[in-house]
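# An overview of the molecular structure
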Amino acid sequence: MKQMLLYLLMAPLVPLSHELAVHAGSAWWTHLAYMYGHAGWVHYLLNGLGWVMMRKIATPARTATAVAVAALLPATHLPVLGWSVVIYYYLGLCLAGMPAGARMRLLALVGIGFFLPWIAAWHHAGMLAAGWMLRKVERKWEKTAY
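### Remarks on helix α8 (residues 121–144)
Its 24 residues place the ends of α8 35 Å apart at the C-alpha level, agreeing with the 34 Å of an ideal helix rising 1.5 Å per residue. When we look at burial in α8, the residues that qualify are Ala121, His123, His124, Ala125, Met127, Leu128, Ala130, Gly131 and Arg135. Buried residues along α8 sit against α5 (60–72), α6 (83–95) and α7 (100–113).

### Let's talk about a nonpolar patch on the surface
Where nonpolar side chains cluster on the molecular surface, the patch consists of Val42, Leu46, Leu49 and Met53 and spans about 450 Å² of accessible area. Here Leu49 is to be found in helix α4 (residues 41–53).

### Observations regarding a positive patch on the surface
Taken together, the side chains of Lys136, Arg139, Lys140 and Lys143 present a region of like positive charge at the surface. Residue position: Lys140 is located in helix α8. Residue classification places Lys140 among the exposed residues on the basis of a relative accessible area of 59%.

### What to know about the packing of aromatic side chains
Evaluated as defined, the whole model comprises two aromatic pairs. Centre to centre, the rings of Phe114 and Trp122 are 4.8 Å apart; their planes meet at 75°, and the pair counts as edge-to-face. Accessibility expressed as a relative area gives 67% for Trp122, which makes it exposed.

### Digging into the packing of α6 against α8
Two elements in contact, α6 and α8, have axes separated by 6 Å at closest approach and are oriented at 40°. Here α6 is positioned oblique relative to α8, judged by the angle of their axes. Here α6 runs over α8; the crossing is right-handed. When α6 is examined against α8, the residues Ser84, Val85, Tyr88, Tyr89, Leu91, Gly92, Leu93 and Leu95 are found in contact with a partner set consisting of His123, His124, Met127, Leu128, Ala130, Gly131, Trp132, Leu134, Arg135 and Glu138. A per-class count over the contact of α6 with α8 returns eleven nonpolar, five polar and two charged.

Rules behind the numbers
- Residues numbered from 1 in each chain as written.
- Predicted model: local features only at pLDDT ≥ 70, side-chain atom pairs only at ≥ 80, totals over all residues.
- Heavy atoms only, no water.
- Helix = DSSP H or I, 4+ residues; strand = E, 2+ residues; numbered from the N terminus.
- Expected span 1.5 Å × (residues − 1).
- Buried < 20%, exposed > 50% of the residue type's maximum accessible area, 1.4 Å probe, protein only.
- Contact = heavy atoms within 4.5 Å.
- Patch = residues over 30% accessible without salt bridge, like charges linked within 9 Å, V, L, I, M, F, W, Y side chains within 5 Å.
- Areas by Shrake-Rupley, 256 points an atom, 1.4 Å probe, with all protein chains shown as cover.
- Salt bridge = Lys/Arg side-chain N within 4 Å of Asp/Glu carboxyl O.
- Lys, Arg positive; Asp, Glu negative; His and termini not counted.
- Charge placed at Lys NZ, Arg CZ, Asp CG, Glu CD.
- Phe/Tyr/Trp six-rings, centres within 6.5 Å; stacked < 30°, edge-to-face > 60°.
- Axes fitted to C-alpha atoms, helices over the stretch in contact; angles between N-to-C directions.
- Parallel < 35°, antiparallel > 145°, perpendicular 65-115°, else oblique.
- Left-handed = near helix turned anticlockwise from the far one by under 90°.
- Nonpolar A, V, L, I, M, F, W, Y, C, P; charged D, E, K, R; others polar.

Right, dumping it as structure tokens:
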């Protein structure tokens with residue numbers, strides 16, 4: 001619920017998010033505004049829908065891990081730390097438990113992204129892979145608790 005409140009509070013900043021990220025320096029809220037709305041309202045709404053759909057696995061620890069991993073990805077120009085890469089990390093966490101058909105459709109969707117402009121397909125694919133790999137680490141870690 002707190003995550004959704006933060007998401008809703010960022011809504012007024014969507015029209016300004018690109019300008020804020022470029023010109024406002026390093027204030028923490030400018031980076032949040034950029035993460036959510038750097039590509040406009042449709043992007044903001046789709047990321048919100050993805051977040052709602054992933055709410056059961058989107059723990060604060062997983063979200064912090066996703067943001068930290070995304071921050072390590074190389075960028076050639078403006079930051080590529082949009083919220084969609086975090087959503088792809090969550091999808092990577094789910095990848096092993098998906099039915100084969102759903103997994104193939106998701107991988108095909110990621111593949112299509114490589115042919116579309118302004119998608120940051122490498123970042124999305126990298127975060128999907130990171131989520132998949134780190135879920136394996138989570139499972140190993142869970143087994144050590146017994």
